[in-house]
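Structural features, examined
Spelled out, the chains give:
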Amino acid sequence: MPRNIKIFIFFFILFSHFSTAEELKQITLKTSWFQQFQFAGYYIAKEKGFYQQAGLNVTIEPFTIKSQSQTVQQVVSGQIDFAVGKEDLILDKSKHKQIVVLYALFQSSPLTLLTTKSSNIDTFADFPGKRIMTSAADAKQVSIKAMLNANHIRLSDLKQTPHSHNIEDLINGKTDIISAYISKSPYQLQKRGVDFNTFSPQYDGFDLYSDYLYTSEHFIAKDVKSTKSFKKASLKGWEYAFAHIDETVEILLEKYNEQNLTKEELIFEAVALKKLAYLNTPKIGVINKTKIQKSFDLYRVLGINEGTIDYEKFIYDTENPHIFFTAAEQKYLKNKQKITICIDPNWLPYEGLDSNGQHIGTNKAFFDIFRKQLPIPLEVIPTENWLESIEFAKQRKCDLLSLAAATEERKSYLSFTPPYLVFPRVLVTKYHLPFVNNFSLLANKRIGMVKGYAQQSLVRENYPNIIVVDVDNVKNGLKRVASGELYGFIDGLEAVSYFLKEDFLGQLKVSGKFDQKRELSIGVRNDDPTLQTIMNKLVNSLSQETIASVMDTSNSIKYIEKFNYHLLWWSLFIVIVIIACFLYRQNILNKLNKRLSTQIEEKTKALQELNESLESKIKERTKKIEHSKDLLRDVAYKDNLTNTFNRHYLIEQSQLFFKTADELNEPLSMLLIDIDYFKKVNDDFGHITGDKILKYFVKIIQEALRVDDLFARYGGEEFVILLPKAGLEESTIVAEKLRKKIEQQPYLSPRLNCYINVTISIGVSEYEQSDSLEKLIEKTDIALYQAKDNGRNQVQSI
Ligand SMILES: Nc1nc2c(ncn2[C@@H]2O[C@H](COP(=O)(O)OP(=O)(O)OP(=O)(O)O)[C@@H](O)[C@H]2O)c(=O)[nH]1
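Being a predicted model, the structure only gives us computed values, none of them experimental.

Here we look at the site of the ligand
Close to the ligand lie 16 residues, the nearest being Tyr-677, Phe-678, Lys-679, Asn-682 and Arg-792. Between Asp-674 and the ligand, the recorded distance is 3.5 Å, taken from a side-chain N or O atom to an oxygen atom. At a separation of 2.8 Å, an oxygen atom of the ligand approaches a polar side-chain atom of Arg-792. Relative to its unbound accessible surface of 660 Å², the ligand loses 65% to contact with the protein. Of the residues that constitute the shell around the ligand, the class distribution is four nonpolar, four polar and eight charged.

Things to note about the layout of surface pockets
In this structure, the largest pocket encloses a volume near 910 Å³. Looking at the largest pocket, it is lined by 30 residues, and the ones nearest its centre are Tyr-316, Asp-317, Thr-318, Glu-319 and Asn-320. Those elements that place two or more of their residues in the lining of the largest pocket are strand S4 (99–106), helix H11 (224–243), helix H15 (311–314) and helix H17 (362–373). Here the lining of the largest pocket takes seven residues from H11, the largest share from any one element. Here the lining of the largest pocket is composed, by residue class, of 11 nonpolar, eight polar and 11 charged. Its boundaries defined by the atoms lining it, the second largest pocket holds a volume of some 590 Å³. Lining the second largest pocket are 29 residues, and of these Trp-33, His-165, Lys-184, Ser-185 and Gln-188 lie nearest its centre. Every element with two or more residues in the lining of the second largest pocket is listed here: helix H6 (136–140), strand S8 (177–181) and helix H9 (185–192). Per-element accounting of the lining of the second largest pocket gives the leading share, five residues, to H9. The residue makeup of the lining of the second largest pocket, split by class, is 10 nonpolar, 12 polar and seven charged. The two domains that each donate at least three residues to the lining of the second largest pocket are domain 1 (23–108 + 210–314) and domain 2 (111–204).

Notes on the pattern of salt bridges
The final tally for this structure, using the stated rule, is 34 salt bridges. Between Lys-475 and Asp-503 there is a salt bridge, with its nearest N and O atoms 3.6 Å apart. Residue Lys-475 is found in helix H20 (residues 474–482), and its partner Asp-503 is found in helix H21 (residues 493–503); the two are separated by 28 residues along the sequence. Taking the relative accessible area as the measure of exposure, Asp-503 reaches 35% and is therefore partly exposed.

Some points on the environment of Val-426
Among the structural elements, Val-426 can be located in strand S18 (residues 421–430). A sequence separation of 67 residues divides Val-426 from Leu-493, and the C-alpha atoms of the two residues are 5.7 Å apart. Excluding anything up to four places from it in sequence, Val-426 contacts Phe-489, Ile-490, Asp-491, Gly-492, Leu-493, Val-496, Val-510, Gly-512 and Lys-513.

Topic: a nonpolar patch on the surface
Together, Trp-570, Phe-573, Ile-574, Val-577 and Ile-578 make up a nonpolar patch on the protein surface, roughly 500 Å² of accessible area in all. Mapped onto the elements, Ile-574 comes out in helix H24 (residues 565–637). Exposure remark for Ile-574: the relative accessible area of 43% places this residue in the partly exposed category.

Focus: the state of the cysteines
Tallying each qualifying case throughout the model produces one disulfide. What pairs with Cys-342 in a disulfide is Cys-398, and their sulfur atoms sit 2.0 Å apart. The sign of the -105° torsion about the S-S bond sets the Cys-342-Cys-398 disulfide as left-handed. Of this pair, Cys-342 sits in strand S11 (residues 339–342) while Cys-398 sits in the loop between helix H18 (386–394) and strand S16 (400–404), placing them 56 residues apart in sequence. A relative accessible area of 1% means that Cys-398 is categorised as buried.

Some points on helix H14 (residues 289–301)
If you check H14, its first and last C-alpha atoms are 18 Å apart, about what 13 residues at 1.5 Å a residue would give, namely 18 Å. Residues of H14 that are buried include every one of Lys-291, Ile-292, Ser-295, Phe-296, Leu-298 and Tyr-299, and no others. When H14 is viewed along its axis, its buried side chains cluster within an angular range of 145° and face the same direction. Residues of H14 that are exposed and point more than 90 degrees away from the buried face comprise Lys-294 and Val-301. Elements that come into contact with the buried residues of H14 comprise helix H5 (89–95), H6, helix H7 (142–150), strand S10 (210–216) and H15. Near the N-terminus of H14, the side chain that reaches the backbone nitrogen of Thr-290, with its oxygen 2.8 Å away, is that of Asn-288. Positive backbone phi, at 75°, marks Gly-303, one or two positions downstream of H14.

What to know about the sheet that holds strand S13 (residues 351–353)
Pairing within the open sheet is antiparallel, and its three strands lie in the order S12-S13-S14. Each having just a single partner strand, strand S12 (346–347) and strand S14 (359–360) make up the two edges of the open sheet. Here S13 runs beside S14; their pairing, made up of two bridges, is antiparallel. Following the sheet pairing, Leu-353 is matched in S14 by His-359.

Overview of the side chain of Thr-417
Mapped onto the secondary structure, Thr-417 falls in the loop between strand S17 (414–416) and S18. Of the polar contacts made by the side chain of Thr-417, one reaches the backbone nitrogen of Ile-522; its length is 3.0 Å. Once you skip the residues sitting within four places of it in the chain, Thr-417 turns out to touch Ser-521, Ile-522, Val-524, Met-535, Asn-536 and Val-539.

Things to note about the nonpolar core
Among the nonpolar cores identified, the biggest contains 68 residues, and Trp-347, Phe-366, Phe-370, Leu-400, Tyr-420 and Val-474 are the most heavily contacted of them. In this structure Val-474 touches Trp-347, Val-450, Phe-489, Asp-491, Ala-495, Val-496 and Phe-499, once residues within four positions along its chain are discounted. Within the second largest apolar cluster, 48 residues are counted, among which are Ile-27, Ala-40, Phe-106 and Leu-266.

Regarding the pairing of strand S28 (residues 760–766)
Across a regular strand the side chains alternate sides, sitting on one face of the sheet and then on the other. Of all seven residues in S28, six are buried, a share of seventy percent or more. Across seven bridges, the pairing between strand S23 (residues 668–675) and S28 is antiparallel. Following the sheet pairing, Ile-673 is matched in S28 by Ile-762. With helix H29 (residues 773–789) bridging S28 and its parallel neighbour strand S29 (residues 795–797), the resulting β-α-β unit is left-handed.

Focus: empty space enclosed by the protein
Scanning the model with the defined rule gives four cavities of 30 Å³ or more in all. The space that makes up the largest cavity amounts to roughly 60 Å³. As for the largest cavity, its lining consists of Ile-693, Tyr-696, Phe-697, Ile-700, Ile-742, Gln-745, Pro-746, Tyr-747, Ile-756 and Val-758. Sort the elements by how many residues they give to the lining of the largest cavity and helix H27 (residues 687–704) lands first, with four residues. Partitioning the lining of the largest cavity into residue classes produces nine nonpolar, one polar and no charged.

A closer look at the environment of Phe-314
Inspection of the secondary structure assignment puts Phe-314 in helix H15. Residues Phe-314 and Ser-94 lie 220 residues apart in sequence; the distance between their C-alpha atoms is 9.7 Å. Not counting residues up to four positions away in its chain, the partners in contact with Phe-314 are Ile-90, Lys-93, Ile-99, Val-100, Val-101, Ile-292 and Ile-309.

Structural notes on the confidence of the model for the protein chain
Per-residue confidence for the protein chain gives a mean pLDDT of 88, with 94% of residues at or over 70. The model gives residues 1–21 a pLDDT under 50, and that stretch makes five contacts with residues more than four places away or in other chains.

Conventions and cut-offs
Residues numbered from 1 in each chain as written. Predicted model: local features only at pLDDT ≥ 70, side-chain atom pairs only at ≥ 80, totals over all residues. Heavy atoms only, no water. Near = heavy atom within 4 Å. Polar contact = N/O pair within 3.5 Å; in protein donor to acceptor, adjacent residues only side chain to side chain. Areas by Shrake-Rupley, 256 points an atom, 1.4 Å probe, with all protein chains shown as cover. Nonpolar A, V, L, I, M, F, W, Y, C, P; charged D, E, K, R; others polar. 1 Å grid on protein atoms, 1.4 Å probe; cavity = no way out; pocket = protein on both sides within 12 Å on 5 of 7 lines; lining within 4 Å. Points joined across faces, edges and corners; volume = space filled by probe spheres on them. Helix = DSSP H or I, 4+ residues; strand = E, 2+ residues; numbered from the N terminus. Domains from an automatic or database assignment. Salt bridge = Lys/Arg side-chain N within 4 Å of Asp/Glu carboxyl O. Buried < 20%, exposed > 50% of the residue type's maximum accessible area, 1.4 Å probe, protein only. Contact = heavy atoms within 4.5 Å. Patch = residues over 30% accessible without salt bridge, like charges linked within 9 Å, V, L, I, M, F, W, Y side chains within 5 Å. Disulfide = S-S within 2.5 Å. Expected span 1.5 Å × (residues − 1). Arc of directions from axis to C-beta. Pairing = 2+ DSSP bridges. Core = buried A, V, L, I, M, F, W, Y, C linked by side-chain atoms within 4.5 Å. Right-handed = clockwise from strand over helix to strand, strands pointing away. pLDDT = per-residue confidence, 0-100.

Set out below in C-alpha cells:
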C-alpha cells in the first residue's frame, strides 16, 4: 500500500475515533461490589452499545472495598457521575442533600443472614452471644437492623467480627452467623452439601429497595439530557440481561469476572436477582415514594437517623422531573429576583388577559408548572395587544415573550427555547364557500391575519399572490370575514374554533388547513444566556404527557371562561314561557276538574240517596212480603189453638220424611196420641179449660221432642208425631217418656184453682218403605186402638 494512503487511513481512523469520542458524553459509573451478575445490566448496556446509541461513553470504575465508603462523597463532589447504592442510600441522602435516585433495581434487598444447621442456630432465640461476621456496610443496612430489632436482638448482643467474604469461615465454624447475598452464598453452601438456615428481612416484612442508581443534583443541573439517557440505556441493559441470562453470563465470564465466578454461580445469581428485580412489578426499576418514606421512617424508629429528606428532590421522575439549577443559575436567580414575560392579551384559548388583567388560557397552565420549579416569581407584564408585547420584548421591558414563533427577524433580539406547543394553521371563510385544498387558489383573495404574527411572513413567502390584510385580533378578523369585507382569515385551529363556536356558529367555517404547522416557543432576551439555559431547562422538563394533559384540561375549560349568557337568557326565556303555558293549561284543567268533581259529587249524592230510599223501600217491602209469607204459612200450616202444625202440613212434610228415610235407609216412626176421656174434661171443667189443657199438653210434648221431629195436630184431641232416625223400639221408649210426662204434670187451672189430671194413650208404628201417610196412620191407629182398648194411659206399638 502506498505510504501516503497509509498516512491517510491512519489520520482517518485517528480523527474518526477522536470525533466519535468528542460526540459522546463521558460518563463514569461506580458499582457497589466486584464484578458479578449484580451489575450485569450496566455491562450489557455498554457491550450492546445502548450507552453509545444514547450518546454516552460509559466507564465503569473498578470497585475496591477500601473506596466503598467514599462512593457517595465521590458522586456528590462530581468525581463520579453515577453509582449503585445499597438500601442505606436514603441514610446518606439525609446527610448529603445532593443525592438524587434515578431508579431502584431490586424491589427487595438481597441481603440476608446465614447459619449452618450443624451450628444449631435455628431461631433468633439462639442468636445472643453468637459470633456474627458482617461488613460495616452490611451492618448499616436498615433491613438487617430492623429484622434483628423486631426479634429482640441487638447487634451488641452478638460478637461482631470483620467480614472475610469467605463462605469457608461459616462452614468451618470460624463464625456462627454471616451476612450474605441471597443470590450468591446459598449456591456455595448447596454445592458444598452444607445445610443452612436463612434469616431474611423480607420474611419479617422489611423488604426495602436495593441497588439504587443515583447521581447528584449538580450533575442533573448540568446535564439533564445525559441523566435521562443514562437511566434509559441502563434499564434497557437490565431488561436485556434478565431476558438473555445465558448470553449475559457468557459476556461476564469473558470480560467481567474478576472474582472468577463459575457459569453456574452466575446463573444462580441471575435467577435469584431477576426475582428481586421483578418482585410485584412487571416493569423494571420502579420506585415508589411511599416505600422510600417507610424505609426512612424505619431508620428513625430504630434511632439511627434524626434528619429529614425532601423526597421530591430525592427521586428523579423522568416524566415530571424536579429541575435542578447549577450553582451559577441559582446565584443568577437569587440576584434576578423576578422574571417578566409579555404575552398575547387577545389570543384565547391559547392565552389572554381577563377583565381583571389576570393571565388566562392554555399557556397559563404551563407558566404555573414553571413557577413551581422557579425560586423567584414569573410575572406577566400586561400589554394592549401582541404588537405592544413584541415592542416590549424588543425594549427589554420583559425578559420573555410567550408563545412566539422563532422568525429570523425576532432572532435579532430573542433566542428561543425548544417549541412546546404546535398548532395547525387553518383558513376560515363564510359557510357557503367551498373547501380549499390548495392555498394557491387563494390568489388575489383578501385574507386577514393578525398583525405582527410571525405567520404573516410565512404566508407571504409561500403564497405571494394572497393579499394579506392586517387585523387587530382573531375576533375582529372573523368579524370582517362574516361581513364579507375579507374572503378568509388564517390563524391557529384552536384560536379560530374558540370564536367560531362562540360567535359565528352557522356563519363561518374552517375551509382549509396549511401544511406547515405553527411551532411556538418562549422567546428569551438574547442578551441573557443564563436565563436562556434556565428557560431551556424548564421547557425541556415538559414531557409529552404533561403537554397533552395541559391541552386536554384547557380544552375542556376554555368555553367556560367566557360564558354565553345570551344563549343562557334565551334558553331561560323559552323554559319560562313553556312553564307558564303549562301552568296556565294546568290551571284551566284544574278549574274544569273541580267543577266536574262538584257535579259528579252532587249527582252521586242524589243517586246514593235514591238508592238508599229504594233500598229501604225494598227492604220494607221484602219484610212485608216475608211477614205476609209467614202469616200465610201460619194460616196454612198452623193450628189456631195450639200453634202446632196442622194436618195439612203433616200431609205435605210427611212426603219429605218418607223420601229421606227411603234414600238414606233410615228408620222413621209415627206416634199417634189421643187424650183420654177428653169429652169428660170438657164436660167437667168447661170447654175453655179444655182448650187450655190442649195448649198445656202441646207445650209439654213440644219441650220433650227433638228439633227434627214433626209434631202436628191431626184433629180434635188427636196428635201425630213423626220421629225420623228412630225405629219402633226407640220410638216406643219416646212415647212412654211422653206419656209419663203428661201423667206426672197435671194441669193447674188458675180459674178453678185446682189440678186437673190428664192422661194420654199412644200408638206407635214404624214406617216401612213405600208406606203412604194413610197407611202409616192406619197402622199407628191400630196400635192406638189397642192402647185405648187395654185401658188407656199407655203405649202400644205395632
Ligand atoms: N174443649 C175442646 N174440646 C174438644 C175440641 N175438639 C174436640 N173436643 C172434644 O173432645 C171430645 C172427644 O170425645 P170422644 O171422641 O168421645 O173421646 P173421649 O171422650 O176423649 O173418649 P176416648 O177418646 O175414648 O178416651 C169431644 O167432646 C169433643 O167435643 C177442642 O178443640 N176443644
